[in-house]
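If you want the building blocks of each chain, they are given just below.
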Amino acid sequence: MDKKEFWSTKNPGPQYEAVVFTNSAFAAPIRLVSNVFEAVSLGGHVHQPVPMTIKPPDKTSTTAKLTLAFPRNVVGREFKRQLGLLRAAGTREPIAVQYAVYFDDLAAPKVAWQLFVAEDGGVAFNAEAVQVTATVDNPARRSGAIIYEPGVFTGLELI
């Protein structure tokens with residue numbers, strides 16, 4: 001069954017929304033599945049159930065943006081622990097986020113997005129929730145301006 005047929009026929013089969021957070025500082029990828037009551041094996045990996053609100057990326061916009069919100073009492077402590085591992089490792093590698101939707105086939109997702117946690121305000125904590133914002137913009141690939149060195153750029157000395 002393809003996506004077009006699935007969305008037009010209200011399939012009674014299961015639908016799972018999975019999110020995977022990866023970084024070299026993590027001991028293992030964090031695999032979560034949305035709004036189910038027990039662990040589910042998706043794509044050959046076990047995903048832990050977590051209540052979450054997902055605003056999937058908009059396919060029509062130029063920069064895809066995924067917004068996730070988790071209840072703080074469920075994942076808050078673990079998120080802070082994992083972010084502490086990043087700080088301790090001193091890595092500047094971005095946190096990769098894979099958002100995938102599984103329809104009937106649990107071996108491969110029908111829809112998948114490869115995203116990165118946003119550099120500014122990517123993970124936000126408040127009293128009730130932990131909010132994660134992910135975009136397609138990889139902060140590690142941003143270019144920086146060339147640093148001015150008088151020995152290399154000698155023409156600017158006369159100004």
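These numbers come from a predicted model, not from an experiment.

What counts as what
Residues numbered from 1 in each chain as written. Predicted model: local features only at pLDDT ≥ 70, side-chain atom pairs only at ≥ 80, totals over all residues. Heavy atoms only, no water. Helix = DSSP H or I, 4+ residues; strand = E, 2+ residues; numbered from the N terminus. Buried < 20%, exposed > 50% of the residue type's maximum accessible area, 1.4 Å probe, protein only. Contact = heavy atoms within 4.5 Å. Areas by Shrake-Rupley, 256 points an atom, 1.4 Å probe, with all protein chains shown as cover. Expected span 1.5 Å × (residues − 1). Arc of directions from axis to C-beta. Patch = residues over 30% accessible without salt bridge, like charges linked within 9 Å, V, L, I, M, F, W, Y side chains within 5 Å. Salt bridge = Lys/Arg side-chain N within 4 Å of Asp/Glu carboxyl O. Core = buried A, V, L, I, M, F, W, Y, C linked by side-chain atoms within 4.5 Å. Pairing = 2+ DSSP bridges.

### Considering the overall build of the chain
The number of helices and strands found in the chain is two helices and 10 strands. A buried classification covers 34% of the 159 residues belonging to the chain. Considering only contacts in the chain between residues 6 or more positions apart, those separated by 24 or more positions represent 49%. Total accessible area on the chain stands at roughly 10,200 Å², and carbon and sulfur atoms take up 54% of it.

### Quick notes on unusual backbone geometry
At N35, a position not held by glycine, the phi torsion is positive, near 55 degrees. Among the secondary structure elements, N35 is positioned in the loop between β2 (30-34) and β3 (40-42).

### Section: helix α2 (residues 72-89)
Over its 18 residues, α2 extends 24 Å from the first C-alpha to the last, a length consistent with the 26 Å expected when each residue adds 1.5 Å. Those residues of α2 that sit buried are V75, G76, F79, Q82, L83 and L86. All buried residues of α2 project into a common sector of 150 degrees when viewed along the axis, lining one side. Exposed residues on α2 whose side chains face more than 90 degrees from its buried face are N73, R77 and A88. Just downstream of α2, G90 is the residue with a positive phi angle, here 70 degrees.

### Thoughts on a nonpolar patch on the surface
On the surface, a nonpolar cluster with roughly 420 Å² of combined accessible area is contributed by I146, Y148, V152 and F153. Structurally, F153 can be placed in the segment after β10 (129-135). By relative accessible area, F153 is classed as partly exposed at 34%.

### Quick look at the nonpolar core
In terms of nonpolar packing, the biggest core is built from 28 residues, with F21, M52, L66, L68, F70 and V97 touching the most fellow members. Discounting chain neighbours no more than four positions away, the residues touching M52 are V19, L32, V33, S34, N35, L68, A69 and F70. Among the nonpolar cores identified, the runner-up in size contains seven residues, and A18, V40, A100 and Y102 belong to it.

### Remarks on the pairing of strand β6 (residues 65-71)
Across three bridges, the pairing between strand β5 (residues 53-55) and β6 is antiparallel. Bridging from a neighbouring strand, K55 pairs with T67 of β6. With seven bridges joining them, β6 and β10 adopt antiparallel strand pairing. In the sheet register, T67 faces β10, and the bridge partner there is T133.

### Focus: the environment of V132
Structurally, the position occupied by V132 is in strand β10. A C-alpha to C-alpha distance of 8.1 Å links V132 and L66, two positions 66 residues apart in sequence. Contacts of V132, omitting those with residues within four sequence positions, involve F21, L66, T67, L68, F70, F79, V117, G122 and V123.

As far as function goes, none of this settles anything; it's purely spatial.
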